[in-house]
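# Reading the structure
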Amino acid sequence: MKQSFYDLNFSDLEAVVNQNNLNPSVAAVLFNWHYKKKQSSQCHNKISKSSLAFFEQNFDFFLPEIDTVYESQKDRSVKFLFKLKDNHKVETVLIPFNNKYSICLSSQVGCAMNCSFCFTGEQGLKRNLTTSEIVGQFLKAWRWLAANRPGEERILNIVFMGQGEPLHNFDAVKKACEIFLSQHGTSIGVQKITVSTAGYIPGLKRWSREAPGVNLALSLHSPFEEKRNELIPINKKYPLDEVLAYIDKIPLNKKQFVTYEYILIKDFNDSPDDAKKLGMLLAGKSAYINLIPFNSFPGSRYRCPDLDKVEKFKEVLDAFKIPTLIRGAKGDDVLAACGQLNSNNQY
Ligand code: SF4
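The residue numbers shown here count from 1 along each chain, following its written sequence. Only residues with pLDDT of at least 70 are given local features in this predicted model, and only at 80 or more are side-chain atom pairs given and counted; all residues enter the totals for whole chains, interfaces and linings. Heavy atoms from the whole structure form the basis of all side-chain values; hydrogens and water molecules are not counted.

Identification of the protein chain as 23S rRNA (Adenine(2503)-C(2))-methyltransferase RlmN from Candidatus Methylobacter oryzae is taken from an unreviewed UniProt entry. UniProt positions are given in the numbering used here, feature names are shortened, and annotations may be inferred rather than shown by experiment. Quoted verbatim from the Sequence similarities (unreviewed entry) field of UniProt, the annotation for the protein chain is "Belongs to the radical SAM superfamily. RlmN family." In UniProt, the protein chain has this text filed under Subcellular location (unreviewed entry): "Cytoplasm".

Pasting the structure below:
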């Protein structure tokens, strides 16, 4: 079976070129063609026929296919259902802001973490995505914008907050980040990529040694162990205090920061006491908090709090001088908002 071209980062590609005595410029030419120019056809510029034949014989250029596109009528978010080679499916979301987009990428088919506030958690884990399936979501979404919203194909931020626990698929996610960051390719800035985790400590251990300098987000959701156990079952194995201790040890460069995500659930974790405990936990850290009012999904057991309760929660955090943003739902009319993705449940 041929290897996917899109599984290679730039160093891998250079090694292939060197080992096969091809012209050293071929690596930059191909990265530029497929990632900077985002072309779907084969590259015929600045590359010899023999080099082209080598890549055609030894690599495939397959990317996930777009199965269905859901466009939000409310805010122009776009959700893609992608079909993979083995017919598994994953979802990806383009989130608009000021005529630009952030893209929310999936890292696994389903997820093993089984978080109770998340529709993906109900799917269970089917398998990890490959690097090519991760970068493919980005390339196909970009091409869809170019074809359907010409002039708007500007995806400036990448967040690994779609389906799956990214640190549970560390190698493929790391390599995808390296491809996105490569100056020969999409050349996205390190501060524009965020990888989210539910607190998977084996992945955090590797993160502290190997992460390619991108930002980290922790799904925190409750400062109380019991409540967090209910929301994020792996908290029983990897408790919050241990997770926070690991994160504190991660050496951050000047452009890196940690965001703490907090889904607010009515009458569960939205009281002033919850906010005060959260503030005490994060005070003094270089932390940002995103407050996300819960987005419901078919069969969900939780509800979204009233806006005044959300604002009161933020006021308590403001007193701790922790920068806090209330994140309004985007794409919730097509089940594209935070916690609503589920590639088994189409409607
Ligand atoms: S919130 Fe993230 S880690 Fe938890 S089940 Fe959903 S996709 Fe998995």
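Here the focus is the UniProt feature "domain: Radical SAM core" (unreviewed entry) in the protein chain. Those residues carrying the UniProt feature "domain: Radical SAM core" (unreviewed entry) are residues 97-332 in this numbering. Across residues 97-332 one finds 34% helix and 19% strand; the C-alpha atoms that close the span lie 16 Å apart. Comment: elements are numbered from the N terminus, with helices defined as DSSP H or I runs of at least four residues and strands as E runs of at least two.

It is worth spelling out the pattern of salt bridges at this point. Here a salt bridge means any side-chain nitrogen of Lys or Arg lying within 4 Å of a carboxyl oxygen belonging to Asp or Glu. The final tally for this structure, using the stated rule, is 18 salt bridges. Arg-301 is paired through a salt bridge with Glu-230; the nearest N and O atoms lie 3.5 Å apart. Of this pair, Arg-301 sits in the loop between β13 (287-293) and α10 (307-319) while Glu-230 sits in helix α7 (residues 225-231), and the two are 71 residues apart along the sequence. When its relative accessible area of 59% is taken as the criterion, Arg-301 is described as exposed. Summary of the burial criterion: residues with accessible area below 20% of their type's maximum are buried, those above 50% are exposed, and those between are partly exposed, where the area comes from a 1.4 Å probe applied to protein chains only. A residue is classified by how much of its surface remains accessible, and Glu-230, at 34% relative accessible area, is partly exposed. A salt bridge links Lys-309 to Asp-270; the shortest N-O distance between them is 3.6 Å. Here Lys-309, found in helix α10, pairs with Asp-270, found in the loop between β12 (258-264) and α9 (272-282); they are 39 residues apart in sequence, far enough to count as distant. What you see here is one network of salt bridges that share partners, running through Asp-171, Lys-174, Arg-206 and Glu-210.

Strand order in the open sheet made by the ten strands is β3-β4-β5-β6-β9-β10-β11-β12-β13-β14, with mixed pairing throughout. One side of each edge strand has no neighbouring strand; the edge strands of this open sheet are β3 (65-71) and β14 (324-326). The sheet shows a mean angle of 25 degrees between the axes of neighbouring strands, taken without regard to direction. When DSSP finds two or more bridges between a pair of strands, those strands are recorded as paired. Here an axis means a line fitted to C-alpha atoms, over the contact stretch when the element is a helix, while the angle between two N-to-C directions is reported on a 0 to 180 degree scale.

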